[in-house]
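Next come the chains, spelled out residue by residue.
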Amino acid sequence: MRAGCPQEEQFDEQLTIKSLRDGRVASKFAFTTILKDVSPRDPRSLGTDDVSQHYTVFPLALGQILREYAVTELHLSLNAGNWNYDRWGYPEENGVGTGAELWAWMGDATHSSVDKRWKGLRNALAGLFCASLGSLDEQRTTSPAQSFVPEGNLPDWGVPYQIRHASLPSENVCTENLTPFLKLLPCKSLSGIASLLNPHRLFDADWHGMSVHVLWREEQGVEIRLTFQSISDPLRYSHGTKQDWSFRTLFDRTISKTCPVAHTSRVEVTLPSDGAYSIAPEPSAVGAGLASYHIVNTTKPLDISVQWADTFVYPVDFDVPTTPLSVQRTLRGSSQAHGRLSVVLTNHQAGPLHVVYLETMPWLIQFFLHTLKIHIDGVRRDDAMSDVTYIPAVPHGQPATFQCVLSIPPGATMDLSMDVAKSFLRYTEHPPDAQRGWDLPPAILTPFEPVQNGSKKEAPNRRMYTPTLLVDLATPDFSMPYNVIIFTCSLIAFLFGSVFNLLSRKFVVVRIKEKDE
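Bear in mind the structure is a predicted one, so any value in this text is a computation, not a measurement.

About the criteria used
Residues numbered from 1 in each chain as written. Predicted model: local features only at pLDDT ≥ 70, side-chain atom pairs only at ≥ 80, totals over all residues. Heavy atoms only, no water. Helix = DSSP H or I, 4+ residues; strand = E, 2+ residues; numbered from the N terminus. Buried < 20%, exposed > 50% of the residue type's maximum accessible area, 1.4 Å probe, protein only. Contact = heavy atoms within 4.5 Å. Areas by Shrake-Rupley, 256 points an atom, 1.4 Å probe, with all protein chains shown as cover. Lys, Arg positive; Asp, Glu negative; His and termini not counted. Charge placed at Lys NZ, Arg CZ, Asp CG, Glu CD. pLDDT = per-residue confidence, 0-100. Phe/Tyr/Trp six-rings, centres within 6.5 Å; stacked < 30°, edge-to-face > 60°. Axes fitted to C-alpha atoms, helices over the stretch in contact; angles between N-to-C directions. Parallel < 35°, antiparallel > 145°, perpendicular 65-115°, else oblique. Nonpolar A, V, L, I, M, F, W, Y, C, P; charged D, E, K, R; others polar. Pairing = 2+ DSSP bridges.

Describe the overall build of the protein, listing the residues and the values that go with them.
Summing up its helical and strand segments, the protein has seven helices and 28 strands in all. On the principal axes, the C-alpha backbone points of the protein span a range of 120 × 65 × 65 Å. Relative to its 517 residues, the protein shows a buried fraction of 49%. Of the contacts made within the protein by residues no fewer than 6 positions apart, 74% connect residues no fewer than 24 positions apart. Accessible area of the protein: about 25,300 Å², with a carbon and sulfur share of 53%. Treating the 46 positive side-chain charges of the protein as one cloud and the 55 negative ones as another, the clouds have centres 6 Å apart.

Here you go:
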């Protein structure tokens, strides 16, 4: 960000709570800081000294990283669990893929290449958030510009922009990640909505994830948005009878005081559409199915609660998906050398559905594109796929990238499958821990609406992530070296001990005189 004189900053915090039809509760914490009338750093100035930075509420630790590597747009997410689109619908934030995901847009520069800055960026973020982001090396990095379009604006500097994307499905979010996350907030977890971020309850949820988003809006400035999402289950605490919830039951905390530097501090509760319920205390405003609370004007401590008059009963349409698209992704085959990847997509809406399908596989899995087949309701339909892009994997170098556009007729089910080969690793390439298999990153589907000129119009907040896969590769018998070492040491000890005794021991004939009887 350009600095040199004091800039106007604005900090807003918001909590959104929504009751789901399966009795669970979706919560989203959003902390937004805007650095007004500021643009990202020009990558052409990386060869010169940077200007001084003067921040008040904008996180300095993150701002220094953004300026050091001239990052225009950044998105980082750390999630634990699988998001259930069929029951929970679309999330508030797109990035709900299992594990760690990092992608960024950066302008090209002659002084420092994008790949060099990408390496420094992920290592710096790894140290800032105490995560294994340094493992997002060249073997996991891709450039899927079609699936990850910029969410903000890109400054016109006369240089091309490039995207870098990487994911680590085996990384989970924990307390060690939440602590540096809270340190980026101006009020930490001492006051305001952030005081509800209790790690003991958040990490006990059915699903939880944190994310960091940095983008530039031409009319406003640089925006950084820190979010935390969770799916809690009140039915667990009531033995499956009541879906009542409150701040105390969800987070084991209440809001005792406001954040003094927050421009706005608001809580929004989505009101249930059916059933008799009561909400307390009285909301500041009610409209469009939302109950809003302004923390500044409410009585402290604030403990919002929603209670139902009747016991919880699963609705009749409980198994009906809430999204127009359902996805099932599996890796078939019991062989440790070959398998078959299958992706089943079901269109639940009355019109055709167009999606961008993206697969980024580590070099451990090799695609055989000549075996790719597409069936719609059991009928072979290769014409349902277009705009195919495939970058083969390089062993020990880069992952494979497969991207295409799929067209699914209304109410139809598409089955896409192709054969894959599983690599044979050296014994030194296996991790030094308990062998449970290798985690494969999720596939990403982005619905869009085609326009008349042939371009695509991406649907907002509609990027979908499939669950991760676990692949079993050929694993050597690591117990054999141990057995050989034990057997060899035992044999050497026996031989050496026997020879040492013969060489060092002095044998003397002892004559025993017989006593007279």
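Residue-level account of the confidence of the model for the protein, with values.
Averaged over every residue, the pLDDT of the protein is 90; residues scoring 70 or more account for 96%. The low-confidence segment residues 1-6 (pLDDT under 50) makes 24 contacts with residues lying over four places distant or belonging to another chain.

Give a detailed account of the packing of aromatic side chains, specifying residues and quantitative values.
Counting across every chain of the model gives 14 aromatic pairs. Aromatic pair Tyr-357 and Phe-402: ring centres 6.1 Å apart, planes at 75°, arrangement edge-to-face. Separated by 45 residues along the polypeptide, Tyr-357 in strand E17 (residues 353-361) and Phe-402 in strand E22 (residues 400-408) bring together distant segments of the chain. Note on accessibility: Tyr-357 and Phe-402 belong to one class, buried. An aromatic cluster of three or more residues is present, and its members are Tyr-357, Phe-367, Tyr-390 and Phe-402.

Provide a residue-level description of the packing of helix H1 (residues 60-68) against helix H3 (residues 114-129), including the pertinent values.
Any two packed helices are characterised by how steeply their axes cross, that is the angle between the axes, and by the distance between the axes. For the pair H1 and H3, interaxial distance at closest approach is 10 Å and the crossing angle is 170°. Here H1 lies roughly antiparallel to H3, going by the angle between them. Contacts between H1 and H3 involve Ala-61, Leu-62 and Ile-65 from the former and Leu-121, Ala-124, Leu-125 and Leu-128 from the latter. When the residues that make up the contact of H1 with H3 are grouped by side-chain class, the tally is seven nonpolar, no polar and no charged.

I'd like a rundown of the sheet that holds strand E6 (residues 161-168), residues and numbers included.
Strand order in the open sheet formed by eleven strands is E5-E6-E4-E3-E7-E8-E2-E1-E10-E13-E12, with mixed pairing between adjacent strands. With one partner strand each, in any of the chains shown, strand E5 (141-142) and strand E12 (285-287) form the two edges of the open sheet. Judged from the eight bridges that link them, strand E3 (residues 71-80) and strand E4 (residues 99-107) form a sheet pairing that is antiparallel. Across the sheet, Glu-73 pairs through a bridge with Trp-105, a residue of E4. Its contacts with the sheet put H3 on E3, E4, E5, E6 and strand E7 (207-217), and the angle it makes with E4 is roughly 140°.

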